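Each chain, letter by letter, is given below.
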Amino acid sequence: MLYSFRPDILILTNFSEDHIDRHGSLKHYFDAKWRLIKLMGAYGVIIVGPTVAKAAEKYGYRLPERAIVVGESEMPSLSETSAFYMPPHRENYKMTQACWSAMG
């Protein structure tokens, strides 16, 4: 378990059942992701995707005010031939863009 890890930047791209086998339940899986936010303390850049924001609300967590939630409506309109056309890639691109903006 991590105790002294203090990231400056945290990007939580998504929340789904992809790692439930390691955590036993969706709640325990989200608790593990939430622990990364707690380890940041009061500073740092936090970018989360819409599924993470919805899960935080569902499990009774409140995102820090500095957290930036990147939603589907903010995704760039890219051509179908672009490597970023697939929704997960578009979401990751937009989150990276939000992080760059937050860092100045």
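The sections below set out a description of the structure shown in this document. Note that the structure is a prediction, hence the values are computed from the model and not measured. (Residues numbered from 1 in each chain as written. Predicted model: local features only at pLDDT ≥ 70, side-chain atom pairs only at ≥ 80, totals over all residues. Heavy atoms only, no water.)

Notes on the pairing of strand β1 (residues 9-12)
Next up, step 1: Across the two faces of β1 the burial differs, with L10 and L12 buried and I9 and I11 not buried at all.
Next up, step 2: Bridge count for β1 against strand β2 (residues 45-48) is 4 bridges, and the pairing is parallel. Within the sheet, the bridge partner assigned to L12 lies in β2 and is V48. (Buried < 20%, exposed > 50% of the residue type's maximum accessible area, 1.4 Å probe, protein only. Helix = DSSP H or I, 4+ residues; strand = E, 2+ residues; numbered from the N terminus. Pairing = 2+ DSSP bridges.)

As for the packing of aromatic side chains
Next up, step 1: Overall, the coordinates contain 4 aromatic pairs when judged by the stated rule.
Next up, step 2: Judged by centre distance (5.5 Å) and plane angle (40 degrees), the ring pair of F30 and Y61 falls under tilted. Here Y61 lies in the loop between α3 (50-58) and β3 (68-69) and F30 lies in helix α2 (residues 26-40), a separation of 31 residues in the sequence.
Next up, step 3: Between W34 and Y61, the ring centres sit 4.5 Å apart and the planes meet at 25 degrees, which makes this aromatic pair stacked. Separated by 27 residues along the polypeptide, W34 in helix α2 and Y61 in the loop between α3 and β3 bring together distant segments of the chain.
Next up, step 4: The exposure class of Y61 is partly exposed, given its relative accessible area of 24%.
Next up, step 5: An aromatic cluster of three or more residues is present, and its members are F30, W34, Y59 and Y61. (Phe/Tyr/Trp six-rings, centres within 6.5 Å; stacked < 30°, edge-to-face > 60°.)

Quick word on the sheet that holds β3
The strands making up a sheet associate through hydrogen bonds between their backbones, and the pairing can be parallel or antiparallel.
Next up, step 1: With respect to topology, 3 strands assemble into an open sheet ordered β1-β2-β3, the strand pairing being parallel. If you trace the sheet from one side to the other, it starts and ends with β1 and β3, each paired once.
Next up, step 2: Summarising the sheet, β2 and β3 pair through 2 bridges and their orientation is parallel. Paired with I47 across the two strands is I68, which belongs to β3.
Next up, step 3: Packing of α2 onto the sheet brings it into contact with β1 and β2, and relative to β1 it is tilted by some 160 degrees.
Next up, step 4: Along the sheet, α3 contacts β1, β2 and β3; its crossing angle with β2, the most-contacted strand, is approximately 95 degrees. (Contact = heavy atoms within 4.5 Å. Axes fitted to C-alpha atoms, helices over the stretch in contact; angles between N-to-C directions.)

Describing the environment of Y29
Next up, step 1: You can see Y29 is positioned in helix α2.
Next up, step 2: A sequence separation of 10 residues divides Y29 from H19, and the C-alpha atoms of the two residues are 7.2 Å apart.
Next up, step 3: The contacts of Y29, once residues within four sequence positions are left out, are F15, S16, D18, H19 and H23.

Let's talk about the side chain of K33
Next up, step 1: By the secondary structure assignment, K33 is in helix α2.
Next up, step 2: Residue class for K33 comes out buried when judged on its relative accessible area of 13%.
Next up, step 3: Apart from residues no more than four positions distant in its own chain, K33 is found in contact with L12, N14 and F15.

Quick look at the environment of S25
Next up, step 1: Mapped onto the elements, S25 comes out in the loop between α1 (20-23) and α2.
Next up, step 2: Classification of S25 as partly exposed rests on a relative accessible area of 22%.
Next up, step 3: Within the local environment of S25, its side chain forms a polar contact with the backbone nitrogen of H28, the two atoms lying 3.1 Å apart. (Polar contact = N/O pair within 3.5 Å; in protein donor to acceptor, adjacent residues only side chain to side chain.)

In short, the description is geometric, and any link to function would need to be established separately.
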